[in-house]
Amino acid sequence: MIDQTLLPTQTVFVTCTDYLEVASAIKTMIIRGAPAIGVAAAMGVAIGVQKSADPDADFATICDTLAATRPTAVNLFWGIERMRRLWASLAGKPVAEKQAAMIAEAVLVKDEDVAICKEIGRHGAPLVPDGKTVLTHCNAGALATAGYGTALGVIRAAVEAGKKIDVFADETRPFLQGARLTAWELMQDKIPTTLITDNMAGHFLKSGRIGCVVVGADRIAANGDVANKIGTYSVAVLAKENGVPFYVAAPISTLDLTLTDGSLIPIEERSAAEVTSVFGVPVAPEGVGVCNPAFDVTPNRYVAGIITEYGVATAPFEENLRALAAKAKK
Ligand code: MRU
């Protein structure tokens, strides 16, 4: 995996050779972004099983360790659950056969993720107004998935369809996913990109140049409330106020139908140091109180559509998301 804590100044690849290294990479955000975390977790389970002398005895510990890394992105738990189900179905088979099947499944999870992102792009591209700017927040790109991206997948697909668009990327304090990752990723693809600080979004949404907002998601409740990177809610409210459609692009695996609404989504609180310093340089007085929720929840009334690999859900979200999820089960 590419070390996302070092981009854009260094491009370093990290190889994890046991499940504890995968768990640590997720926790420290070497790998981040909901779908990428799901793929990494599935691969972590497969490596754990492969390396264990007694995988049946170790299986629960491997899964529980990976599940304890980050709380908000439901794709993490989805990836582990998929591997758990396969493991259960393999009971009684020779160990070597079980290990091989787990590795094949993890590779499949990765390959499917790329195909899913392409489908999200195909469904989302027609929603992007030609000749306008797309605003995005955080990084929901190739880096945050197994490739192509969700929100950035929609942007890539719109560009591939010949639309003349450019992108405004919120820098996304405190971890700077927009500045460090989205800007880097889009520039690699030569998609015209302008970096703005988070507090500039309202100014540009009011200006008339933004045609739509597209963001990713970490967990979507059954009623269409969306947890995504902190600051997304402010962007959604400002978009609505200014009549700019706010779209969420995410795979069905980001949907959590067990939660009736977004108030039930666990929000990760990260370290104070992420807020009080930038790249190790203090930007606040020592000892100041700090809050650092990594995500916020955007109520469904601000969401114009949720773009999935099975199509676009609009209000009423509960009904329409369940219908898309049913297609995924077939
Ligand atoms: O804390 P992060 O960087 O893992 O948060 C990522 C986001 O909030 C993304 O927008 C979300 O996971 C969608 S990624 C396709």
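Everything numeric here is computed off the predicted structure, so don't read it as measured data. (Residues numbered from 1 in each chain as written. Predicted model: local features only at pLDDT ≥ 70, side-chain atom pairs only at ≥ 80, totals over all residues. Heavy atoms only, no water.)

Asks: Looking at this structure, I do not really get the sheet that holds strand E6 (residues 226–229). What am I missing?
Replies: Within a sheet, neighbouring strands are paired by backbone hydrogen bonds and run either parallel or antiparallel to one another. Taken in spatial order, the four strands make up an open sheet running E8-E5-E6-E11, and their pairing is mixed. Two strands bound the open sheet, and with one partner strand each, they are strand E8 (255–256) and strand E11 (295–298). Where helix H9 (residues 232–241) meets the sheet, its contacts fall on E6 and E11, and the angle it forms with E11 comes to roughly 30°. (Pairing = 2+ DSSP bridges. Helix = DSSP H or I, 4+ residues; strand = E, 2+ residues; numbered from the N terminus. Contact = heavy atoms within 4.5 Å. Axes fitted to C-alpha atoms, helices over the stretch in contact; angles between N-to-C directions.)

Asks: Even after reading the chapter, I still don't get empty space enclosed by the protein, so can you show me in this structure?
Replies: A full pass over the atoms with the stated rule returns two cavities of 30 Å³ or more. If you add up the space inside the largest cavity, you get close to 180 Å³. Around the largest cavity, the lining is made up of 24 residues, and of these Arg32, Gly33, Ala34, Asn139 and Asp218 lie nearest the centre. Taken together, the elements giving at least two residues each to the lining of the largest cavity come down to helix H2 (34–51) and E6. Here the residues of the lining of the largest cavity are counted per class, giving 11 nonpolar, nine polar and four charged. When residues of the lining of the largest cavity are assigned to domains, at least three map to each of domain 1 (19–118) and domain 2 (120–329). Space inside the second largest cavity adds up to approximately 50 Å³. Pro174, Phe175, Gln177, Lys229, Ile230, Arg270, Glu274, Asn292 and Ala294 are the residues that line the second largest cavity. Taken together, the residues of the lining of the second largest cavity sort by class into four nonpolar, two polar and three charged. (1 Å grid on protein atoms, 1.4 Å probe; cavity = no way out; pocket = protein on both sides within 12 Å on 5 of 7 lines; lining within 4 Å. Points joined across faces, edges and corners; volume = space filled by probe spheres on them. Nonpolar A, V, L, I, M, F, W, Y, C, P; charged D, E, K, R; others polar. Domains from an automatic or database assignment.)

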